[in-house]
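Next come the chains, spelled out residue by residue.
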Amino acid sequence: MPKLSIRDLDLKGKLVFMRVDFNVPLAPGGQEITSDKRIRASLPTIKYALEQGARLVLASHLGRPKGKPNPEMSLKPVAVRLQELLGEPVVMAPDCIGPEVEKLKEGSDRVILLENVRFHPQEEKNDPEFARQLAAGCDCYVNDAFGSAHRAHASTEAITRFVSKSAAGLLMEKELEYLTKVTQDPPRRCIAILGGAKVSDKIEVIENLLKIVDRLLIGGAMAYTFKLAKGEPVGKSLVEPDKVELARELLAKAGDKLMLPVDHVVAAQVEAGAPSRVVESIPDDAAGVDIGPKTIELYTAEIAKAKSIIWNGPMGVFEKPPFDAGTVAVAKAVAASGSLSVVGGGDSEKAVKAAGVADQISHVSTGGGASLEFLAGLMLPGVAALTDK
Ligand code: AMP
């Protein structure tokens, strides 16, 4: 990696400001953590730094408090959970800047967790003075929050100007390593599978991936905007009429690289268990809700030939069984291919878990938005700001 890793830093006796992604889901009321996956994801980096003799100032955002303190979005429950997982005291700071935080930084506690950085409007404004206060007293900066790396915020970008060295944490490093492997000279044959609701969310991703991959398999509602562009019937399927022209241009650019579903599961209502049938041409009174069996066969054969695979977005309305069949089949095919596989986005992650194949995927990204921006070929501000090797 062209950027410094935490493993390149001398951490002994240093006070390290570590940006983590502790944006955990909380039950209503904000007291109970419903999944501690994000806390666990940064444990290796935290443990590594402590083992190397560092003291840690951990910082994260949680939810969207819109620049004001909000007890329902406090990181206090995270401090409790982290302390359990780490097996050593975690001191919860009353804020992320200010005299009390400075005092904690000057003390001897090994792990300090700052309060939600988004309680201050300056965080999302990437305010340099706020960033300077965050960094005050810290010797170096480590960013392990891949899920926030596509945002230029004070704790992910501006802060790097106020420390001597800024490095990637172990989770960040792993994310970048896998995403780089599948986009820069990936093992051939290389394919991408894109699904989800909208073409508009993934235009830049499609354009960039067309330059990289040998095949681009399209599923989900996004396929119907392409079908519309080809003049094929889409019935009541979810489409973006204002993106048809763009879809036409993408089709022309892609040639036979881009594959669309050849059959569809359609239903009159998009509801779990609603009566459905398989068609090749979508009738006026129904909506496409999943890829059909012939498409599954076609896509599975393409996936089996691949040596590297990038996958983002479900093939259908997978939250509503049985319309999850196409997505689950793709998940199983990706796992069975034994290829270098990188899956991104919350829905695809849920799909590989539901299919029971998460452990057969090379890398499941923790950052949906960040991984999409990376796949779109954009430089992530939180990565660009790290110190070059
Ligand atoms: P995205 O966030 O763009 O990856 O989109 C994910 C969403 O796309 C999921 O909530 C799916 O239910 C939805 N989706 C996928 N296929 C379809 C479809 N054929 N019709 C409606 N929604 C769909």
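Everything below is about the structure shown above.
As the structure is a prediction and not an experimental result, all values here were calculated from the model.

Draft legend 1. Focus on the overall build of the protein. The helix and strand inventory of the protein stands at 14 helices and 15 strands. For the protein, whose C-alpha radius of gyration is 23 Å, the value lies close to the compact-globule estimate of 21 Å for 389 residues. Over its C-alpha atoms, taken along the principal directions, the protein stretches across nearly 70 × 45 × 35 Å. Within the span of the protein, comprising 389 residues, buried residues form 56% of the whole. The long-range fraction of contacts in the protein, counting pairs at least 24 apart against all pairs at least 6 apart in sequence, stands at 72%. Surface exposure of the protein reaches about 16,200 Å², of which carbon and sulfur atoms provide 51%. When the 48 basic and 51 acidic side-chain charges of the protein are each reduced to a single mean position, those positions are 2 Å apart.

Draft legend 2. Main features of the sheet that holds strand β11 (residues 276–279). Here we have three strands laid out as an open sheet, ordered β11-β10-β12, and antiparallel in their pairing. Across the chains shown, the open sheet's two edge strands, defined by having one partner strand only, are β11 and β12 (287–291). Here the average twist between neighbouring strands, direction ignored, is 40°. With four bridges joining them, strand β10 (residues 264–267) and β12 adopt antiparallel strand pairing. Paired with H264 across the two strands is I291, which belongs to β12.

Draft legend 3. Molecular detail of the site of the ligand. As a structural note, the neighbourhood of the ligand is formed by 15 residues, with A197, G288, G316, E319 and D347 the closest of them. Interatomic distance of 3.0 Å between a backbone N/O atom of A197 and an oxygen atom of the ligand. Here K202 contributes a side-chain N or O atom positioned 3.1 Å from an oxygen atom of the ligand. Here the ligand loses 78% of its free accessible area of 510 Å² to cover by the protein chains. Per-class residue counts for the shell around the ligand are seven nonpolar, four polar and four charged.

Draft legend 4. Structural context of unusual backbone geometry. Of note, the bond from R188 into R189 is cis; its omega dihedral lies within 30 degrees of zero at 5°. You can see R189 is positioned in the loop between α6 (170–183) and β7 (190–194). Here P321 and P322 are connected by a cis peptide whose omega angle stands at 10°. As for its position among the elements, P322 is in the loop between β13 (308–312) and α11 (325–337).

Draft legend 5. Just empty space enclosed by the protein, in detail. Summed over the entire model, instances satisfying the criterion amount to two cavities of 30 Å³ or more. Here the largest cavity is characterised by a volume of approximately 60 Å³. What lines the largest cavity is simply D21, R38, A41, S42, D144, F146, G147, L171 and T366. Here the lining of the largest cavity takes three residues from helix α1 (residues 37–51), the largest share from any one element. One number sums up the size of the second largest cavity: a volume of about 40 Å³. Forming the walls of the second largest cavity are L179, I310, W311, N312, V342, V343, G344, S371 and L375.

Draft legend 6. Layout of the packing of helix α8 (residues 222–229) against helix α9 (residues 244–254). Orientation of α8 relative to α9, taken along the N-to-C sense of each, is 85°, at an axis distance of 8 Å. When the axes of α8 and α9 are compared, the pair comes out roughly perpendicular. Counting all contacts with α8, which are made through T225, F226, L228 and A229, the residues of α9 involved are V244, A247, R248, L250 and L251. Partitioning the contact of α8 with α9 into residue classes produces seven nonpolar, one polar and one charged.

Draft legend 7. Region of interest: helix α3 (residues 99–106). Those residues of α3 that sit buried are V101, L104 and K105. Seen end-on, α3 carries its buried residues on one side only, within an arc spanning 100°. The exposed set on the far side of α3, more than 90 degrees from its buried face, consists of P99, E100, K103 and E106. Those residues of α3 hidden inside the fold are in contact with β1 (15–19), β2 (55–59), β3 (91–92), β4 (111–113) and α5 (128–135).

Draft legend 8. Local environment of the environment of K389. Mapped onto the secondary structure, K389 falls in the segment after α14 (381–384). Along the backbone, K389 and A167 are 222 residues apart, and their C-alpha atoms lie at a distance of 9.3 Å. In this view, K389 contacts M1, P2, K3, L4 and D8; residues no more than four positions away in its chain are not counted.

Draft legend 9. Representation of the sheet that holds β4. The strand order across the open sheet formed by six strands is β3-β4-β2-β1-β5-β6, and the pairing between neighbours is parallel. Looking at the sheet topology across the chains shown, the edges are occupied by β3 and β6 (165–168). Summarising the sheet, β1 and β2 pair through five bridges and their orientation is parallel. Bridged to V16 within β2 is L56.

Draft legend 10. Quick peek at helix α2 (residues 76–86). By the burial criterion, the buried members of α2 are P77, V78, A79, L82, L85 and L86. Where α2 is buried, its residues touch α1, β2, β3 and β4. Two residues or fewer past α2, G87 is found with a positive phi of approximately 70°.

Draft legend 11. Seen up close, the nonpolar core. Formed by 65 residues in total, the largest nonpolar core has its most connected members in F17, L114, L134, I206, L216, I218 and F226. Per-element tally for this core: the top contributor is helix α7 (residues 203–212), with six residues. Discounting residues that sit within four places of it in the chain, L134 has contacts with F17, C96, I97, K105, L114, V117, E123, A154, S155 and I159. If you look at the next biggest cluster of nonpolar residues, it comprises 32 residues, including L4, L11, L82 and L85.

Procedures and definitions
Residues numbered from 1 in each chain as written. Predicted model: local features only at pLDDT ≥ 70, side-chain atom pairs only at ≥ 80, totals over all residues. Heavy atoms only, no water. Helix = DSSP H or I, 4+ residues; strand = E, 2+ residues; numbered from the N terminus. Rg over C-alpha atoms; globule rule 2.2 N^0.38 Å. Buried < 20%, exposed > 50% of the residue type's maximum accessible area, 1.4 Å probe, protein only. Contact = heavy atoms within 4.5 Å. Areas by Shrake-Rupley, 256 points an atom, 1.4 Å probe, with all protein chains shown as cover. Lys, Arg positive; Asp, Glu negative; His and termini not counted. Charge placed at Lys NZ, Arg CZ, Asp CG, Glu CD. Pairing = 2+ DSSP bridges. Axes fitted to C-alpha atoms, helices over the stretch in contact; angles between N-to-C directions. Near = heavy atom within 4 Å. Polar contact = N/O pair within 3.5 Å; in protein donor to acceptor, adjacent residues only side chain to side chain. Nonpolar A, V, L, I, M, F, W, Y, C, P; charged D, E, K, R; others polar. 1 Å grid on protein atoms, 1.4 Å probe; cavity = no way out; pocket = protein on both sides within 12 Å on 5 of 7 lines; lining within 4 Å. Points joined across faces, edges and corners; volume = space filled by probe spheres on them. Parallel < 35°, antiparallel > 145°, perpendicular 65-115°, else oblique. Arc of directions from axis to C-beta. Core = buried A, V, L, I, M, F, W, Y, C linked by side-chain atoms within 4.5 Å.

Purely geometric numbers; function is a separate question.
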